[in-house]
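So you can see what is in the structure, the chains are spelled out below.
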Amino acid sequence: MQGAFAEHVRALGAAGARTRLVRMREDLDGLDGIVLPGGESTTMTMLMERVGLLEPLREAIRGGLATLATCAGTIVLAHEVTDGMPEQKSLGLLDVDVRRNGYGRQLESFEAPLHIEGMNGKEFPGVFIRSPLVERTGDVKVLATYEGHPVAVQHERILGLCFHPELTGDLRLHREFVRLASERP
Ligand code: GLN
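Residues numbered from 1 in each chain as written. Predicted model: local features only at pLDDT ≥ 70, side-chain atom pairs only at ≥ 80, totals over all residues. Heavy atoms only, no water.

Trainee: How do you make sense of the environment of Glu 40 when you look at a structure like this?
Mentor: Tracing the backbone shows Glu 40 in the loop between strand S1 (33–36) and helix H2 (41–50). When the C-alpha atoms of Glu 40 and Gly 3 are compared, they prove to be 6.8 Å apart, with 37 residues separating the residues in sequence. Those residues within four positions of Glu 40 in sequence are excluded, and the remaining contacts are Gln 2, Ala 72, Arg 100 and Arg 130. (Helix = DSSP H or I, 4+ residues; strand = E, 2+ residues; numbered from the N terminus. Contact = heavy atoms within 4.5 Å.)

Dropping the structure here:
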């Protein structure tokens, strides 16, 4: 609908996946996985609601569609959102509470090397841009933290990230998502 989708298309292509842009509910048909990109969660949710995509998306992800959410995408999936628009909706599919732009003014954008659980080799370059701060986690596995706050979480086939792997050229998280998506039962 909006945001940094072109970079994900490129990264997924490089990771060996075929991609399609999802703009209406019919576009969900037959997918193995979906990326909810970075951008503005308020705009995304509003547009998805307007075109009747929000509920079908919720159903598809609840039904096991592999999901890679980055930044605003993680806000869209969250349980509760603080500092959103009044009545900002979220899908409540990832058991985290997030504060929009929670890293504050000085830290609106920054890079930090991240140690991601299960990922061997060098640290992952975490690119944070007006990222949400995860303030509570429930039924999720925390895969990485930055200064004590979770920045990568997983629940079954959903990966929720506070940073932007699509901007780095490091394909390891996209490859992991493609692997999750190709294992669809
Ligand atoms: N601040 C944005 C939001 O609240 C997220 C920023 C991003 O996706 N890089 O939706």
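Trainee: Where do I start with the sheet that holds strand S4 (residues 94–99) in this structure?
Mentor: Sheets are built from strands that pair by backbone hydrogen bonding, the pairs being arranged parallel or antiparallel. With respect to topology, 3 strands assemble into an open sheet ordered S3-S4-S7, the strand pairing being mixed. Unpaired on one side and paired on the other, strand S3 (78–82) and strand S7 (133–137) mark the two borders of the sheet. On average, adjacent strands in this sheet sit at an angle of 25 degrees to one another, irrespective of strand direction. (Pairing = 2+ DSSP bridges. Axes fitted to C-alpha atoms, helices over the stretch in contact; angles between N-to-C directions.)

Trainee: So what exactly am I meant to see when it comes to the side chain of Thr 42 here?
Mentor: Positionally, Thr 42 belongs in helix H2. Among all residues touching Thr 42, those that are not within four sequence positions of it are Met 85, Gln 88 and Arg 100.

Trainee: Looking at this model, I keep getting lost on the environment of Leu 91. Mind explaining?
Mentor: Following the sequence through the fold, Leu 91 ends up in the loop between S3 and S4. Taking the relative accessible area as the measure of exposure, Leu 91 reaches 3% and is therefore buried. As a C-alpha pair, Leu 91 and Val 9 span 82 residues in sequence and 23 Å in three-dimensional space. When near neighbours in sequence (up to four residues on either side) are disregarded, Leu 91 contacts Leu 54, Leu 57, Arg 58, Val 76, Leu 77 and Ala 78. (Buried < 20%, exposed > 50% of the residue type's maximum accessible area, 1.4 Å probe, protein only.)

Trainee: For this particular structure, what's the right way to read helix H3 (residues 54–62)?
Mentor: Every α-helix winds through 3.6 residues per turn, so residues three or four apart in the chain are directed the same way. Of the positions making up H3, those classed as buried are Leu 54, Pro 56, Leu 57, Arg 58 and Ile 61. On the buried face of H3, the contacting elements are S1, H2, strand S2 (66–70), helix H4 (72–77) and strand S10 (158–161). Of the residues one or two after H3, Gly 64 is the one with positive phi, at around 110 degrees.

Trainee: Sorry, what's going on with the packing of aromatic side chains here?
Mentor: A ring pair, where both rings are aromatic, is described by two values, the distance of the centres and the angle of the planes. In this structure the tally under the stated criterion is 8 aromatic pairs. Centroid distance Phe 110 to Phe 128: 4.6 Å. Interplanar angle 5 degrees. Geometry classified as stacked. Highlighted residues: Phe 110 in strand S5 (residues 109–114) and Phe 128 in strand S6 (residues 124–129), separated in sequence by 18 residues. Judged on exposure class, the residue Phe 110 and its partner Phe 128 are both buried. (Phe/Tyr/Trp six-rings, centres within 6.5 Å; stacked < 30°, edge-to-face > 60°.)

Trainee: Mind showing me how you'd approach the sheet that holds S10 here?
Mentor: Taken in spatial order, the 5 strands make up an open sheet running S1-S2-S10-S9-S8, and their pairing is mixed. Bordering the open sheet on either side are S1 and strand S8 (141–146), each of which pairs with just one other strand. Each adjacent strand pair in this sheet contributes to an overall mean axis angle of 10 degrees, direction not counted. Sheet topology places strand S9 (residues 149–155) next to S10; 4 bridges connect them, and they run antiparallel. Residue His 155 lies in a different strand from S10, and its bridge partner there is Ile 158. Where helix H5 (residues 172–182) meets the sheet, it contacts S1, S2, S9 and S10, and its direction lies at approximately 155 degrees from that of S2.

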